[in-house]
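Overview (structure and organization)
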Amino acid sequence: VQFVESGGGLVQPGGSLRLSCAASGFTFSGAGMSWYRQAPGKERELVAAIGNAGVSTRYADSVKGRFTISRDNAKNTVYLQMNSLKLEDTAVYYCNRGYFRYFEVWGQGTLVTVSS
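Now for a quick tour of the structure. As the structure is a prediction and not an experimental result, all values here were calculated from the model.

One finds Trp35, Val78, Leu80, Met82 and Tyr93 to be the most contacted residues of the largest nonpolar core, which totals 28 residues. Residue assignment for this core shows that the elements contributing at least two residues are strand S3 (17-24), strand S4 (33-38), strand S5 (45-50), strand S7 (67-72), strand S8 (77-82), strand S9 (91-97) and strand S10 (110-114). At four residues, the largest contribution of residues to this core is made by S3. Setting aside anything within four residues of it in sequence, one finds Met82 in contact with Gly15, Ser16, Leu17, Leu19, Arg66, Phe67, Tyr93 and Val112.

What follows is the structure in C-alpha cells.
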C-alpha cells in the first residue's frame, strides 16, 4: 500500500490550496478514504473522510464549510480542497485508507504553511 500526497505549499491567510493523494496497493473504489493533519507539537488529527462511493463525508468541526473532500475512483485519487485557509491550518497533511479510522502506514505527507 502506498500513498503519495501532493499540492501543499505556502499560502497567505484566506487563500486556497488543493491537495491530492494518489493511492495504490488496495482496491481504492471499495475503501473509505481520509485526510489527516499533524501540526508542529500536536497529535495527528482527522480532517475529513469520504465513503467509497463519494457520497458520505465527514469533517472536523474546525474545517467545516472551508474544506471539501472528494475522490476520483478512476484515478485512485482523493482530493482536499482547502479554502479560507487560516494560520492554524498549518500542518503536514496525510491521507489514509479508512472512514472512521485509518488502516495503513503513513506516507510522506505534504506540508501546508499558512503565513502572511
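Next up on the list: the pattern of salt bridges. Here the structure, examined in full by the defined rule, presents five salt bridges. Of the charged contacts in the structure, one is a salt bridge between Lys64 and Asp61, with a shortest N-O distance of 3.1 Å. Residues Glu104 and Arg97 are paired through a salt bridge, measuring 2.7 Å at the closest nitrogen-oxygen approach. On the accessibility criterion, Arg97 (26% relative accessible area) is partly exposed.

What counts as what
- Residues numbered from 1 in each chain as written.
- Predicted model: local features only at pLDDT ≥ 70, side-chain atom pairs only at ≥ 80, totals over all residues.
- Heavy atoms only, no water.
- Core = buried A, V, L, I, M, F, W, Y, C linked by side-chain atoms within 4.5 Å.
- Buried < 20%, exposed > 50% of the residue type's maximum accessible area, 1.4 Å probe, protein only.
- Helix = DSSP H or I, 4+ residues; strand = E, 2+ residues; numbered from the N terminus.
- Contact = heavy atoms within 4.5 Å.
- Salt bridge = Lys/Arg side-chain N within 4 Å of Asp/Glu carboxyl O.

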